[in-house]
Amino acid sequence: MKRTPAFRQAVIVGLCTVAAISVLSVGAEFSVPYGDPIDLDRIDGVLGPEWDDANAHPCRMGKYGAEVHLKHDERLFYVALVIRTSNEIRGGLEGWVFIDDGDGRDYERGDDLLSVVANDGRREKADHYFKGTFDFVLDTRLGGTNDAYGAGRYDAALGAYVFEFCRELRSGDSKDVAIEDEGALDIEYGWSSG
Ligand SMILES: [Ca+2]
Ligand SMILES: [Ca+2]
Ligand SMILES: [Ca+2]
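Just so we're clear, the structure is a prediction, and the values are computed from it rather than from any experiment. (Residues numbered from 1 in each chain as written. Chains lettered and ligands numbered in written order. Predicted model: local features only at pLDDT ≥ 70, side-chain atom pairs only at ≥ 80, totals over all residues.)

Trainee: Can you explain the overall build of the protein chain? Please cite residues and give values.
Mentor: Each helix and strand in the protein chain was counted, giving zero helices and 14 strands. Beginning at the N terminus, the succession of helices and strands in the protein chain can be written as β-β-β-β-β-β-β-β-β-β-β-β-β-β. Across the 194 residues that make up the protein chain, the buried fraction comes to 40%. Sequence separation of 24 or more characterises 57% of the internal contacts of the protein chain that already satisfy a separation of 6 or more. (Helix = DSSP H or I, 4+ residues; strand = E, 2+ residues; numbered from the N terminus. Buried ≥ 20, exposed ≤ 12 C-beta atoms within 10 Å, placed from the backbone. Contact = placed C-beta atoms within 7 Å.)

Trainee: Break down the pairing of strand β6 (residues 76-84) for me, citing the residues and quoting the values.
Mentor: Counting buried positions along β6 gives seven out of nine residues, so the element sits mostly inside the fold. Here strand β5 (residues 64-72) runs beside β6; their pairing, made up of seven bridges, is antiparallel. Paired with His72 across the bridge in β6 is Phe77. One ladder, built from nine bridges, connects β6 with strand β13 (residues 160-168); its direction is antiparallel. Residue Leu76 lies in a different strand from β13, and its bridge partner there is Glu168. (Pairing = 2+ DSSP bridges.)

Trainee: Kindly report on the environment of His57, identifying the contributing residues and their values.
Mentor: For His57, the position within the fold is in strand β4 (residues 55-61). A tally of 15 C-beta atoms within 10 Å means that His57 is categorised as partly exposed.

Trainee: Can you break down the confidence of the model for the protein chain residue by residue, with the values?
Mentor: Low-confidence regions, as indicated by low pLDDT, have predicted coordinates that should not be scrutinised in detail. Mean pLDDT over the protein chain stands at 82; residues scoring 70 or higher make up 80%. At the level of individual helices and strands, the protein chain shows its lowest average pLDDT in strand β1 (residues 7-17), which scores 38, and its highest in strand β12 (residues 148-155), which scores 98. Considering only residues more than four positions removed or in separate chains, one finds that residues 1-27, a stretch of pLDDT under 50, has 72 contacts. (pLDDT = per-residue confidence, 0-100.)

Trainee: Lay out the sheet that holds strand β9 (residues 124-125) with the relevant residues and their values.
Mentor: Strands pair in a sheet through their backbones, by hydrogen bonds, and they do so in one of two ways: parallel or antiparallel. Reading across the sheet, the six strands line up as β4-β5-β6-β13-β12-β9 and stay open at both edges, with antiparallel pairing between neighbours. A single partner strand is all that each edge strand has here, and the edge strands are β4 and β9. Where β4 meets β5, seven bridges bridge the pair, whose relative direction is antiparallel. The residue bridging Met61 from the neighbouring strand is Tyr64, located in β5.

Trainee: How would you sum up the nonpolar core? Please name residues and give values.
Mentor: Membership of the largest hydrophobic core comes to 44 residues, with the highest contact counts inside it found for Val79, Leu81, Val97 and Phe165. Every element with two or more residues in this core is listed here: β5, β6, β7 (93-99), β8 (112-117), β10 (127-132), β12, β13 and β14 (184-193). Here this core gets seven residues from one element, more than from any other, and that element is β6. Those residues in contact with Val97, other than ones at most four positions away along the chain, are Val79, Leu114, Phe165, Ile187 and Tyr189. (Core = buried A, V, L, I, M, F, W, Y, C linked by C-beta atoms within 7 Å.)

Trainee: Can you break down the environment of Glu94 residue by residue, with the values?
Mentor: Relative to the helices and strands, Glu94 resides in strand β7. By C-beta crowding, Glu94 is classed as buried, having 22 other C-beta atoms within 10 Å. In the structure, Glu94 is positioned 57 residues away from Ala151 in sequence and 9.8 Å away in space, judged by C-alpha atoms. Beyond its immediate chain neighbours, meaning those up to four positions away, Glu94 contacts Ser115, Val116, Val117, Trp191 and Ser192.

Trainee: Pulling in residues and values, what's your account of unusual backbone geometry?
Mentor: Even without glycine at this site, Asp120 takes up a positive phi of about 55°. The residue Asp120 is located in the loop between β8 and β9 in this model.

Trainee: I'd like a description of the environment of Arg75, backed by residues and values.
Mentor: Within the fold, Arg75 resides in the loop between β5 and β6. Residue Arg75 is classed as partly exposed on the basis of its C-beta count, with 13 C-beta atoms lying within 10 Å. For the pair Arg75 and Ser171, spaced 96 residues apart in the sequence, the C-alpha separation amounts to 8.9 Å. Beyond its immediate stretch of four places on either side in the chain, Arg75 contacts Glu168 and Leu169.

Okay, here's the thing in structure tokens:
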């Protein structure tokens, strides 16, 4: 399926060690702390206390103000996106986290995308493989394994879409980009509307 995101925000993630991941975003550096594991049931599109030990930073995603929350544990990398809009968007919103495979060329075959449509917080497989520019499919459709889940919902009281993702650091799946100790990773965040 080909989809064109309305916006992407470039963020560079430098991995110092698994226990001390740092993020460079628009010239500023953010640390990705080692935190408590998040139960899969908490990947529900509700930004609860499971994110209290994450690092959060504000950013812009196109016309929307947003926040990115980041943390990891020994096995999983966690990302939450809060995209602020006072109105639910007609046609829905899809949140996504793009992960470059380390060659510095974004949106090419071999890159990763975590993506789900906001759907009342229903948890879905989120582990996609890039086949080409904005042409991506679930790993499981290419013989790979699903190693990421995500959920999103619109929270009217908060005035925001909330997307939560968890993803294996090193799944061993040939369809995944491994997040290695002391490696480097480019991540971009974004959304697309239906
Ligand atoms: Ca949650
Ligand atoms: Ca690439
Ligand atoms: Ca996978």
